[in-house]
Amino acid sequence: MDEIQDEIHEECGVFGVFSQENRNVAHTVYYGLYALQHRGQESAGIAVAFADKITYFKGMGLAADVFSHGALDELPEGDIAIGHVRYSTTGASQLLNAQPVVFTGKCGKMAVAHNGNLINTKQLRQELIRNNAVFQTAIDSEVIAILINSLSDGDIVQGVKRACAKLKGSYALVIMTANKLIAVRDPFGIRPLCLGTTDSDIVVASETCALDAVGANFLRDVKPGEIVIIDDGGVKSEFMDDIPAQARMCIFEYVYFARHDSILDGYSVYEARKEAGKLLAKYYPVEADLVSGVPDSANVAARGYAEVSGVPFVEALAKNRYVGRTFIQPDQRQRENSLNVKMNALRANIRGKRVIIIDDSIVRGTTMRKIVKMLRDAGATEVHVRICSPIIKHPCHLGIDIQTYSQLIGAYRDEEQICKSLGADSVRYLTVEQLLKTCEGAHSGFCLGCFNGEYPYPPEEYETDKLKFE
Ligand code: SF4
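Parameters and conventions
Residues numbered from 1 in each chain as written. Predicted model: local features only at pLDDT ≥ 70, side-chain atom pairs only at ≥ 80, totals over all residues. Helix = DSSP H or I, 4+ residues; strand = E, 2+ residues; numbered from the N terminus. Rg over C-alpha atoms; globule rule 2.2 N^0.38 Å. Buried ≥ 20, exposed ≤ 12 C-beta atoms within 10 Å, placed from the backbone. Contact = placed C-beta atoms within 7 Å. Near = placed C-beta within 6 Å. Nonpolar A, V, L, I, M, F, W, Y, C, P; charged D, E, K, R; others polar. Axes fitted to C-alpha atoms, helices over the stretch in contact; angles between N-to-C directions. Left-handed = near helix turned anticlockwise from the far one by under 90°. Domains from an automatic or database assignment. Pairing = 2+ DSSP bridges. pLDDT = per-residue confidence, 0-100. Parallel < 35°, antiparallel > 145°, perpendicular 65-115°, else oblique. Arc of directions from axis to C-beta.

## As for the overall build of the protein
Phase 1: Of the regular secondary structure elements, the protein holds 18 helices and 23 strands.
Phase 2: For 470 residues, the compact-globule estimate of 2.2 N^0.38 gives 23 Å, and the protein sits close to it at 22 Å.
Phase 3: Its C-alpha atoms give the protein principal-axis dimensions of about 70 × 45 × 40 Å.
Phase 4: Of all 470 residues assigned to the protein, the portion counted as buried reaches 56%.
Phase 5: Here the analysis covers contacts within the protein between residues at least 6 apart in sequence; of these, 73% occur between residues at least 24 apart.

Set out below in structure tokens:
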């Protein structure tokens, strides 16, 4: 889904560990963050708790870069640690805004790491400033930390519960004090969060792939509206008041964001993507010599398409493995010319062939337009585009950075017009119903806001006027 890589910015990944032993928990978090790197590449941070102290290190870039040169080894041993990889959805891309946020208040030292995006930050921030709060950063996580503190009366769990009643938007949180690790998922369960165990540790992570990376067994998903408290007394659970009957996890987690070896809310991301390819073959067949995916994320769907259609799966594009996900680079100027560096057409496979190219989604259209041209320049006689999701027609303010209608090729166009704009021979998308079918195995309901405009929160509750059709 390179188009989306070009245009949509993923939110973040969170990880936490509570160990029965005092040991090098920072290393566990590091490997967890490494597995979650696809969720954010701008900055990484780890905070470790031991003996009423929280020590942390944060830096710009990939976890491997931030924690090389000895930074990881300088973090102390401890029994609790949390970590975060970030893409900025609020707050500029700078070290000041990296997470975890570490804060001293009524509950002593605490650290907070957040995946998601609040839609009522301004209002919360103003209320807190009126009560003399001082902010150091522009990020939601600091608002959450200060809100928890202001409502806590010294009891962190009470503070978290009261704060959650005021938060609107998407949030999967890991929170750490000197003696507790707390995991929180918003009432709609918009972002994923799961629990795992090893012989000595309880682990919390955005995705199961991070549990696998640290040798933890999957225990269960954190439920929408659940507050999981892990301390020396074991694992306890509380629930927020007013949890909606229907969970609304972001369906884009299956389409693109999550790693395909993760299991989210009981269903394999790999299965969902393969099923998308199969449905494209079933509903939108076309005569062709080969089918290929935009690497890497659409290859699973392309194999599903090949299986059902009988059209052979052949690699049409080679990816430079040393280039990060294009969309992670926050500076538009940096993104402009990155496609040619990132991938190239495999001429020998394409020349004289009718090509079906599959991608996860199309946002602005810039990348897919270049891919179509790249395939034609390499000798493809026809290029048919098949997309594993519906047309993106609306912005998202729940943690994915599609800010305005004008960013979207599909806001004003139907399939035929998009096809013309991309220079393809045909373009077909899954419908909303078909996309839902690909995720039938999940025990969650879904947010489909960017496809059908139906967000978990009604548009008037968002602190933005960008949800208005322009
Ligand atoms: S609007 Fe789209 S990208 Fe945003 S949370 Fe909903 S499904 Fe995900």
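Now that the structure is up, let's keep going.
## Some remarks on the site of the ligand
Phase 1: Around the ligand, a shell composed of I190, C250, I251, F252, C396, L398, I400, C447, L448, G449 and C450 is seen.
Phase 2: Split by residue class, the shell around the ligand holds 10 nonpolar, one polar and no charged.

## Focus: the packing of helix 6 (residues 140–150) against helix 7 (residues 156–164)
Phase 1: Two elements in contact, helix 6 and helix 7, have axes separated by 7 Å at closest approach and are oriented at 120°. You can see that helix 6 and helix 7 cross each other, and the crossing is right-handed. Here I144, L147, I148 and N149 of helix 6 lie close against helix 7, whose contacting residues are G159, V160 and A163.
Phase 2: Taken together, the residues of the contact of helix 6 with helix 7 sort by class into five nonpolar, two polar and no charged.

## Looking at the domain arrangement of the protein
Phase 1: As assigned here, the protein comprises domain 1 (2–250) and domain 2 (273–444).
Phase 2: Between domain 1 and domain 2, the C-alpha centre-to-centre distance is 33 Å.

## Considerations on the pairing of strand 2 (residues 43–50)
Phase 1: For strand 2, the tally of buried residues reaches seven of eight residues, placing the bulk of the element in the interior.
Phase 2: Between strand 2 and strand 3 (residues 53–60), which pair antiparallel in sequence order, lie two residues; one of them, A51, sits at a positive phi of approximately 50°.
Phase 3: Direction of pairing for strand 2 relative to strand 4 (residues 78–86): antiparallel, over a ladder of seven bridges. When the sheet's bridge partners are listed, A49 is paired in strand 4 with I80.

## Thoughts on the sheet that holds strand 20 (residues 354–359)
The strands making up a sheet associate through hydrogen bonds between their backbones, and the pairing can be parallel or antiparallel.
Phase 1: Sheet architecture is open: four strands sit in the order 17-20-21-22, paired in parallel fashion. Lying at the two open borders of the sheet, with one neighbouring strand each, are strand 17 (290–293) and strand 22 (426–429). Geometrically, the sheet is characterised by an average inter-axis angle of 20° between neighbouring strands, direction not taken into account.
Phase 2: Strand direction decides the pairing type here: strand 21 (residues 382–387) and strand 22, joined by four bridges, are parallel. Bridge pairing links R386 to R428 in strand 22.
Phase 3: Helix 11 (residues 299–309) contacts strand 17, strand 20 and strand 21 of the sheet and is inclined by roughly 160° relative to strand 17.
Phase 4: Sitting on the sheet, helix 15 (residues 366–377) touches strand 20 and strand 21, and the angle it makes with strand 21 is about 150°.

## Brief notes about unusual backbone geometry
Phase 1: Along the chain, Q99 connects to P100 via a cis peptide bond; the corresponding omega equals 5°.
Phase 2: For the peptide bond that leads from P295 to D296, omega is -10°, which places it in the cis range.
Phase 3: Within the fold, D296 resides in the loop between strand 17 and helix 11.
Phase 4: Positive phi, close to 75°, is recorded for N132, a residue that is not glycine.
Phase 5: Among the secondary structure elements, N132 is positioned in the loop between helix 5 (121–130) and helix 6.
Phase 6: Under the C-beta neighbour-count criterion, N132 is labelled exposed, with 7 such atoms within 10 Å.
Phase 7: Of note, the phi angle at D265 is positive, near 45°, even though the residue is not glycine.
Phase 8: Note that D265 resides in the loop between strand 15 (263–264) and strand 16 (267–268).

## Some words on the confidence of the model for the protein
Phase 1: For the protein, the average pLDDT comes to 91, and 91% of its residues sit at 70 or higher.
Phase 2: This model gives residues 1–7 a pLDDT under 50, and the stretch forms 36 contacts once residues within four places in sequence are excluded.

## A short note on the environment of P295
Phase 1: Note on placement: P295 falls in the loop between strand 17 and helix 11.
Phase 2: Taking the C-alpha atoms as reference points, P295 and I243, 52 residues apart in sequence, are found 39 Å from one another.

## Regarding the sheet that holds strand 8 (residues 181–185)
Phase 1: Overall, antiparallel pairing links the six strands, which are arranged 5-6-7-8-12-13 in an open sheet. For this open sheet the edge positions go to strand 5 (101–105) and strand 13 (234–239), each flanked by a neighbour on one side alone. In this sheet, adjacent strand axes meet at a mean angle of 20° when their direction is disregarded.

## Some points on the packing of helix 10 (residues 269–283) against helix 11
Phase 1: Packing of helix 10 against helix 11 leaves a shortest axis separation of 7 Å and a crossing angle of 45°. Classified by the interaxial angle, the pair formed by helix 10 and helix 11 is oblique. The chirality of how helix 10 crosses helix 11 is right-handed. Side by side, helix 10 and helix 11 meet where Y270, R273, K274, E275, A276, G277, K278, L280, A281 and K282 of the first sit next to V300, A301, A302, R303, G304, Y305, E307, V308 and S309 of the second.

## A few points about helix 7
Phase 1: Inspection of helix 7 places I156, G159, V160, A163 and C164 among the buried residues, and these make up the whole buried set. Seen along its axis, helix 7 keeps its buried residues to an arc of 125°; they face one direction.
Phase 2: Packing partners of the buried residues in helix 7 comprise strand 6 (108–118), helix 6, strand 7 (169–177), strand 8 and strand 12 (226–231).

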